[in-house]
Amino acid sequence: MAKKKTSQQPAPVKDKPQAPAQDQARTAAPARVTTVSLTTCLVSVVVALALGLCIGSMLPGFMDSRQAPAPRPQAAAPAQQPAPQQAAPQQQAKASLSPELNSALLKLQEAVVKEPNKAENWIKLGNFQFDNQNPSAAVTAYENALRLKPGNANVLTDLGIMYRELHRFEDALKAFREAERVQPGHRNALFNQGIVLYYDLKRKDEAEAAWRKLLAADPNAHAPDGTPVSELIKHLH
């Protein structure tokens, strides 16, 4: 988080998509490194086969977004909605998961296999990948959720944070601005706009405008480390 006259960046603010907007940072849970059991691997293979049978020719959703945007699905779901990209169930977070976390991940993946057109399933999967530091997988899950149920400001904000992790700064800014558009005064979206604009895109004036808009909505707004946003604005000059 930015400190006085230093180049250290404030941490992004994480939203909980299924709850009202909050200003507290959602801390990513560090994954514990543990060897995955043979049984878990076999279960992963079975779920992967189920995905193949259920979705058919869908492209894998967890490509490295720094190389190219996540591919769009080629088929259409009922009611003219794009079919969600299916996460490869055997795909794990960048760090190895504990048996407990791996079991939880498999359950979330099984849920999106069974009900791929249910936005809440994708949101929960995205939150898991966010918390376990797998931004590519989180992006795919959040994008699928938004295709099925657009206009969720909290999901848009979390998607923007994951775009930033992948160095997709313009996409991150677009997501934050869309969140603020559908929910004017959305505090976390405005805060994170300033983070990307100032630290990543070097557009100081726009960063200041975003943070001043945040102060208009909440004069006591502060960064996750407790630094008042008004102080961050002062340090822009």
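Computed from a predicted structure; not experimentally measured.

**Thoughts on helix 8 (residues 204-217)**
Working step 1: Helix length check: helix 8 (14 residues) gives 20 Å between terminal C-alpha atoms against 20 Å at 1.5 Å per residue, within 8%.
Working step 2: Of the surrounding secondary structure, the elements contacted by the buried residues of helix 8 are helix 7 (187-200) and helix 9 (229-234).

**Remarks on the packing of helix 3 (residues 119-131) against helix 4 (residues 135-148)**
Packed helices, taken two at a time, are described by the angle their axes make and the gap between the axes.
Working step 1: Helix 4 packs onto helix 3 with a crossing angle of 160 degrees between their chain directions and a minimal axis gap of 8 Å. As summarised for this structure, helix 3 and helix 4 are arranged roughly antiparallel, according to the angle between their axes. Considering how the two elements wind past one another, helix 3 and helix 4 form a crossing that is left-handed. Counting all contacts with helix 3, which are made through Ala119, Trp122, Ile123, Leu125, Gly126, Asn127, Gln129 and Phe130, the residues of helix 4 involved are Ala137, Ala138, Ala141, Tyr142, Asn144, Ala145 and Leu148.
Working step 2: Tallied by class, the residues present in the contact of helix 3 with helix 4 amount to 11 nonpolar, 4 polar and no charged.

**Focus: the nonpolar core**
Working step 1: In this structure, Trp122, Leu125, Tyr142 and Met162 are the most contacted members of the largest nonpolar core, which totals 36 residues.
Working step 2: Those elements that provide at least two residues to this core are helix 2 (99-114), helix 3, helix 4, helix 5 (153-165), helix 6 (169-182), helix 7 and helix 8.
Working step 3: In contact with Met162, not counting residues within four places along its chain, are Phe130, Pro135, Ala138, Val139 and Tyr142.
Working step 4: With 14 residues, the next largest nonpolar core counts Val13, Leu190, Leu215 and Leu232 among its residues.

Procedures and definitions
Residues numbered from 1 in each chain as written. Predicted model: local features only at pLDDT ≥ 70, side-chain atom pairs only at ≥ 80, totals over all residues. Heavy atoms only, no water. Helix = DSSP H or I, 4+ residues; strand = E, 2+ residues; numbered from the N terminus. Expected span 1.5 Å × (residues − 1). Contact = heavy atoms within 4.5 Å. Axes fitted to C-alpha atoms, helices over the stretch in contact; angles between N-to-C directions. Parallel < 35°, antiparallel > 145°, perpendicular 65-115°, else oblique. Left-handed = near helix turned anticlockwise from the far one by under 90°. Nonpolar A, V, L, I, M, F, W, Y, C, P; charged D, E, K, R; others polar. Core = buried A, V, L, I, M, F, W, Y, C linked by side-chain atoms within 4.5 Å. Buried < 20%, exposed > 50% of the residue type's maximum accessible area, 1.4 Å probe, protein only.

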